[in-house]
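Read off the chains here:
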Amino acid sequence: DFYTNEELGVVDYLLKQKEAGRIRHLGFSAHGTAETIEKFLDKYDCFEFCQIQLNYMDWTLQEAKTKCEILAERNIPVWVMEPVRGGKLANLPEENAAKLRALRPEESVAAWAFRWLQTVPDTTVVLSGMSNMAQMMDNVKTYSEERPLSEEEIALLYAIADEMMDAIPCTGCRY
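Residues numbered from 1 in each chain as written. Predicted model: local features only at pLDDT ≥ 70, side-chain atom pairs only at ≥ 80, totals over all residues. Heavy atoms only, no water.

## Side note on the side chain of Q53
No. 1: Turning to its location among the elements, Q53 is positioned in strand β2 (residues 49–53).
No. 2: Among the polar contacts listed, one links the side chain of Q53 to the side chain of D58, at a separation of 2.6 Å. (Helix = DSSP H or I, 4+ residues; strand = E, 2+ residues; numbered from the N terminus. Polar contact = N/O pair within 3.5 Å; in protein donor to acceptor, adjacent residues only side chain to side chain.)

In structure tokens, the structure reads:
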């Protein structure tokens, strides 16, 4: 593996750059399995954050729950990528969107994904990937107050995710 190759010394180089003041906080982004992340962190204990794909669908589909547990054990804050899974979780089929609106009519469908993140401990940064001003304003509205979902609301999201498992393809990030 590139990053753990002792001959290349990638992590050692990054640590020297941190010591020199060129890096303030050292972290990494991971698309690997939970097992890969765990092995990497067993080898290196110098990281201050980790960015993972985290949303209510990938909680089980891509082992995000296990990854969060691994990071929590090491007190490493989670940075979130793909909170609405490339827009798929912001554009649900109308029957599912209606179920969400019935419980929280003031929230957008995208806001549900962000509210779900408010229930995940150690989530400190969310990269929302919005593409226009209206989406950005919705994010600002959503994060202007913390309103985590109830157990009933979380169960509804998981049921919706289960229905969609076969319908949502890989995000195609090519990692």
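## Details of the sheet that holds strand β3 (residues 78–81)
No. 1: One open sheet holds the four strands; their spatial order is β1-β2-β3-β4, and the pairing between them is parallel. Each edge of the sheet is formed by a strand with only one pairing partner; in this case those strands are β1 (27–30) and β4 (123–126). When the angles between neighbouring strand axes are averaged without regard to direction, this sheet yields 25°. (Pairing = 2+ DSSP bridges. Axes fitted to C-alpha atoms, helices over the stretch in contact; angles between N-to-C directions.)

## What about a nonpolar patch on the surface?
No. 1: Together, M133, M136, M137 and V140 give the surface a local cluster of nonpolar side chains, amounting to about 400 Å² of exposed area.
No. 2: Structurally, M136 can be placed in helix α7 (residues 133–143).
No. 3: Of the residues examined, M136 reaches a relative accessible area of 40% and is grouped as partly exposed. (Patch = residues over 30% accessible without salt bridge, like charges linked within 9 Å, V, L, I, M, F, W, Y side chains within 5 Å. Areas by Shrake-Rupley, 256 points an atom, 1.4 Å probe, with all protein chains shown as cover. Salt bridge = Lys/Arg side-chain N within 4 Å of Asp/Glu carboxyl O. Buried < 20%, exposed > 50% of the residue type's maximum accessible area, 1.4 Å probe, protein only.)

## Notes on the pattern of salt bridges
No. 1: Here the structure, examined in full by the defined rule, presents twelve salt bridges.
No. 2: In this structure, the salt-bridge partner of K39 is E35, at a minimum N-O distance of 3.4 Å. Separated by four residues within a single helix, K39 and E35 lie in helix α2 (residues 34–43), roughly one turn from each other. By the burial criterion, K39 is exposed, and E35 matches it.

## A look at the packing of helix α6 (residues 109–117) against α7
No. 1: Viewed as axis vectors pointing N to C, α6 and α7 meet at an angle of 40°, and their least axial separation amounts to 10 Å. The orientation of α6 relative to α7 falls into the category oblique. In this structure, α6 meets α7 at a crossing whose hand is right-handed. Of the residues in α7, those touching α6 at A110, A111, F114, R115 and L117 are D138, N139, K141, T142 and Y143.
No. 2: Taken together, the residues that form the contact of α6 with α7 break down as five nonpolar, two polar and three charged. (Parallel < 35°, antiparallel > 145°, perpendicular 65-115°, else oblique. Left-handed = near helix turned anticlockwise from the far one by under 90°. Contact = heavy atoms within 4.5 Å. Nonpolar A, V, L, I, M, F, W, Y, C, P; charged D, E, K, R; others polar.)

## What about unusual backbone geometry?
No. 1: Phi at E63 takes a positive value of approximately 60°, unusual for a residue other than glycine.
No. 2: A positive phi is found at D122, a non-glycine position, where the angle reads about 70°.
No. 3: Within the secondary structure layout, D122 lies in the loop between α6 and β4.

## What to know about the nonpolar core
No. 1: With 46 residues, the main nonpolar core has F47, L54 and W116 as its most contacted residues.
No. 2: Breaking this core down by element, the ones donating at least two residues are β1, α2, β2, α4 (64–73), β3, α5 (94–103), α6 and α8 (151–164).
No. 3: With seven residues, α6 is the single largest residue contributor to this core.
No. 4: Non-local contacts of W116, meaning those with residues more than four positions away in its chain, are made with L54, N55, Y56, W59, L149, I154, L157 and Y158. (Core = buried A, V, L, I, M, F, W, Y, C linked by side-chain atoms within 4.5 Å.)

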